[in-house]
Amino acid sequence: MANEANPCPCNIGDVMDYGGLGQEVQVEHLKVYVVKPSSASDKAIIVIHDVFGWELSNTRYIADMLAANGYVAVCPDFFVGKEPWSPSGDWSIFWEWVKDRKQTEMNKEVDAVLRFLKEQCGAKRIGVVGFCWGGIATHYISLQYPEIKAGVSNYGIISDREDKYALKSPTLFIFAGNDDFVPLNMVSNIEASLKQKCTVDYQVKIFPGQTHGFVHRKREDINPDDKASIMEARADMLNWLKKYM
């Protein structure tokens, strides 16, 4: 996972008052938020939510942003009906809660979403973007699915697998410089190991002074001091996807 001494601080930031432009559909055994671009596209992005689940307005905002840039974007309920974490929850039991929602046990859901994108949406090139819990999931998918053309993991890395450096998909890792959940020494260690062991393209980028969740949990319109970093990180995400998809 990440730094288990510190529970995930995803409650840092803003919850957007945002309804979303897409629709919710049933895909096999899970619900999925789907938003399509204004013109037909054979490129799709799986957007993976944080611990607050697939209905968080911030994550749907990112999905809509991706659709506005020409991708079919889907945000599945990777908790498959299990309750998302609540900001008012007892953080002393957070890691027990996470154990019932392991990113390394989501292949059935990923496979269902891939079938949907290929068979129902006509997707021929598929990427993955994730945040926090979803960032770790993105790292996992980049290890497991060579058919994924690009991944962007925001403040989430796997630390407990021996094959964690054997990426099969080009992956961009975005981190905050002031993040106790993914401290800089952990980031430095994985970057050094990727240099030695990774055989596909990757990039590790740190945004100094930013906190966990800044890419999707800080509103650029009400955080002027952070706006440049927020917008740069989102542009990096889009540029990475464009480069490899």
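Anything mentioned here points back to the structure above.
Attention here is on the structure that accompanies the text. (Residues numbered from 1 in each chain as written. Predicted model: local features only at pLDDT ≥ 70, side-chain atom pairs only at ≥ 80, totals over all residues. Heavy atoms only, no water.)

1. Brief notes about the sheet that holds strand E7 (residues 171-178)
At step 1: Taken in spatial order, the eight strands line up as E1-E2-E4-E3-E5-E6-E7-E8 in an open sheet, and their pairing is mixed. Every interior strand has two partners, whereas the edge strands, strand E1 (23-27) and strand E8 (202-211), have only one. For this sheet, the mean inter-axis angle between neighbouring strands, taken without regard to orientation, is 20°.
At step 2: Of the strands in this sheet, E1, strand E2 (30-35), strand E3 (43-48), strand E4 (72-76) and strand E5 (125-131) touch helix H1 (residues 57-68), which is tilted by about 45° from E2. (Pairing = 2+ DSSP bridges. Helix = DSSP H or I, 4+ residues; strand = E, 2+ residues; numbered from the N terminus. Axes fitted to C-alpha atoms, helices over the stretch in contact; angles between N-to-C directions. Contact = heavy atoms within 4.5 Å.)

2. Regarding the packing of aromatic side chains
When we look at a pair of aromatic rings, we describe it by the centre distance and by the angle of the planes.
At step 1: Inspection of every chain in the model, using the stated rule, returns 14 aromatic pairs.
At step 2: Arranged with centres 4.9 Å apart and planes meeting at 80°, the rings of Phe79 and Trp133 form a pair that is edge-to-face. One end of the pair, Phe79, is in the loop between E4 and helix H2 (94-99); the other, Trp133, is in helix H4 (residues 133-144), with 54 residues separating them in the sequence.
At step 3: The class of Phe79 is buried, set by a relative accessible area of 3%.
At step 4: Arranged with centres 6.1 Å apart and planes meeting at 50°, the rings of Tyr155 and Phe214 form a pair that is tilted. Remark: Phe214 occurs in helix H6 (residues 214-217) and Tyr155 occurs in the loop between strand E6 (148-154) and E7; sequence separation between them is 59 residues. The burial state of Tyr155 is the same as that of Phe214; both residues are buried. (Phe/Tyr/Trp six-rings, centres within 6.5 Å; stacked < 30°, edge-to-face > 60°. Buried < 20%, exposed > 50% of the residue type's maximum accessible area, 1.4 Å probe, protein only.)

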